[in-house]
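# Understanding the architecture of this molecule
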Amino acid sequence: MAVSSLPCIQPVRVPFKACSFFPAGVCGGFNQKKKINAIVFSSLKKFEKDINFQSKVDTLLDSIKWDDKGLAVAIAQNVDTGAILMQGFVNRDALATTISSRKATFFSRSRATLWTKGETSNNFINIHDVFVDCDRDSIIYLGKPDGPTCHTGSETCYFTSISDLLKGQEVEETNLALTTLYSLEFTISKRELELAGEHEKPSWTKRLLSDEKLLCSKIREEADELCRTLEEKEDSSRTASEMADVIYHAMVLLRRKDVKIENVLDVLRRRFSRSGIEEKQSRVSTEN
């Protein structure tokens, strides 16, 4: 079991008259004594806080339903994209290390030792939170990867589609298990690559990618139509449809600007803990 290394700090009382036995500058009179006491008190408070935190971690680890080998499944998930990055096994020490280091750490069954994702490649998974399921026998590491997670160089370890295997198609490392939003982003990127050497009538996406005035006018048009669904009390299905149009056209603009939707979601996540006023002030100060 991982146990934090905590300093054993004991309170030391130094009588005021004892200052005469210390070299000049060490005690420094009453004010210096107050500073020493403040430092000791601060250290003790931190020590008590660390002990309390460690106690809570131990209680949590006790609640996990480890299997007969002392292991549980841990799945690493991208905090912004929702992509499943990898799956591994953890034991008590691995989970404790992850909580303390904020780096995704696992237990290697073949080597019977702990290992931290990125310790050789520097592609760490920086943990934002850890979740356990309702039965407490499965764990999610919710984090932000520094680079590709898979040893093949792929963004995630999940790029093998069962549908493709059944069809006898070759597995491609770029064919990731994408959610709807990222599938749309991937499709738009493919359309951009297809623009070169295009001889037939281009698709709507390709037209937007090659004509920024048309693209911007459509974004403004779709945003206005979205607002009208509220102002004119239109049906909620109409609102969903117009919002889909706004998202689609906005994502084409992101592709033109070479900005990933993941970057946008990262900005949103960072704003969660800040008020709108604080966020605006921060942007103004950065711009100035």
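Residues numbered from 1 in each chain as written. Predicted model: local features only at pLDDT ≥ 70, side-chain atom pairs only at ≥ 80, totals over all residues. Heavy atoms only, no water.

What follows deals with the state of the cysteines. What the rule picks out here adds up to 0 disulfides. Free cysteine Cys157: the closest other cysteine sulfur is in Cys150, separated by 4.0 Å. The class of Cys157 is partly exposed, set by a relative accessible area of 35%. (Disulfide = S-S within 2.5 Å. Buried < 20%, exposed > 50% of the residue type's maximum accessible area, 1.4 Å probe, protein only.)

Spatially, 4 strands are ordered β2-β1-β6-β5 in an open sheet, and the strand pairing comes out mixed. Taken across any chain shown, the strands that pair with only one partner, and hence form the sheet edges, are β2 (84–90) and β5 (125–132). In this sheet, neighbouring strand axes are inclined to one another by 25 degrees on average, regardless of whether the strands run parallel or antiparallel. Of the pairings in the sheet, the one linking strand β1 (residues 72–78) to strand β6 (residues 138–145) comprises 6 bridges and is parallel in character. Bridge pairing in β6 links Val73 to Ser138. The strands touched by helix α2 (residues 92–101) are β2, β5 and β6; relative to β6, the strand with the most contacts, the crossing angle is about 35 degrees. (Pairing = 2+ DSSP bridges. Helix = DSSP H or I, 4+ residues; strand = E, 2+ residues; numbered from the N terminus. Axes fitted to C-alpha atoms, helices over the stretch in contact; angles between N-to-C directions. Contact = heavy atoms within 4.5 Å.)

The geometry of an aromatic ring pair is captured by the separation of the ring centres together with the interplanar angle, meaning the angle of the planes. According to the stated counting rule, one finds 2 aromatic pairs in the structure shown. Seen in terms of ring centroids, Phe106 and Tyr141 are 5.4 Å apart; in terms of plane orientation they differ by 55 degrees. Their pairing is tilted. Residue Phe106 is found in strand β3 (residues 105–108), and its partner Tyr141 is found in strand β6; the two are separated by 35 residues along the sequence. Both residues of the pair, Phe106 and Tyr141, belong to the buried class. A cation over an aromatic ring shows up here: Lys103 above the ring of Phe124, its NZ or CZ 5.0 Å from the ring centre. (Phe/Tyr/Trp six-rings, centres within 6.5 Å; stacked < 30°, edge-to-face > 60°. Lys NZ or Arg CZ within 6 Å of the ring centre and 35° of its normal.)

When pLDDT is averaged across the protein chain, the result is 81; 74% of the residues are at 70 or more. Confidence drops under a pLDDT of 50 for residues 1–28, and excluding neighbours within four residues, the segment shows 28 contacts in the predicted structure. (pLDDT = per-residue confidence, 0-100.)

Moving on to the nonpolar core. If you look at the biggest cluster of nonpolar residues, it comprises 19 residues, and the most contacted ones within it are Val90, Leu95, Phe106, Ile125, Ile139 and Tyr141. Every element with two or more residues in this core is listed here: α1 (29–63), β1, β2, α2, β5 and β6. Excluding residues within four positions of it along the chain, Ile139 makes contact with Ala72, Val73, Ala74, Ile75, Val90, Leu95, Val130, Phe131 and Val132. (Core = buried A, V, L, I, M, F, W, Y, C linked by side-chain atoms within 4.5 Å.)

As a further point, take the side chain of Lys144. Its location among the elements puts Lys144 in strand β6. By relative accessible area, Lys144 is classed as buried at 17%. In terms of polar contacts, Lys144 uses its side chain to reach the side chain of Glu262, at 2.9 Å. Residues contacting Lys144, with those up to four places away along its chain left out, are Asn78, Val79, Asp80, Phe124, Ile125, Asn126, His128, Glu262, Asp266 and Arg269. (Polar contact = N/O pair within 3.5 Å; in protein donor to acceptor, adjacent residues only side chain to side chain.)

Bringing helix α8 (residues 261–271) into the picture now. Of all the positions in α8, only Ile261, Glu262, Asp266 and Arg269 are classed as buried. Projection of α8 onto a plane perpendicular to its axis shows the buried side chains occupying an angular sector of 145 degrees, all on one side. Against β1, β5, β6, α4 (180–194) and α7 (236–256) lie the buried residues of α8. (Arc of directions from axis to C-beta.)

Applying the stated criterion across every chain, the model contains 17 salt bridges. Of the charged contacts in the structure, one is a salt bridge between Arg255 and Glu192, with a shortest N-O distance of 2.8 Å. Taken together, the residues span a long stretch of sequence, with Arg255 in helix α7 and Glu192 in helix α4 at a distance of 63 residues. Its relative accessible area of 28% is what places Glu192 among the partly exposed residues. Across the salt bridge formed by Arg228 and Asp224, the nearest N and O atoms sit 3.9 Å from each other. You can see Arg228 and its partner Asp224 sitting in helix α6 (residues 212–231), 4 residues apart, about one turn around the helix. Residue classification places Arg228 among the partly exposed positions, given a relative accessible area of 35%. Look at Asp224 and you get partly exposed, because its relative accessible area is 41%. Three or more residues joined by partner-sharing salt bridges are found here, namely Asp80, Lys144, Glu262, Asp266, Arg269 and Arg270. (Salt bridge = Lys/Arg side-chain N within 4 Å of Asp/Glu carboxyl O.)

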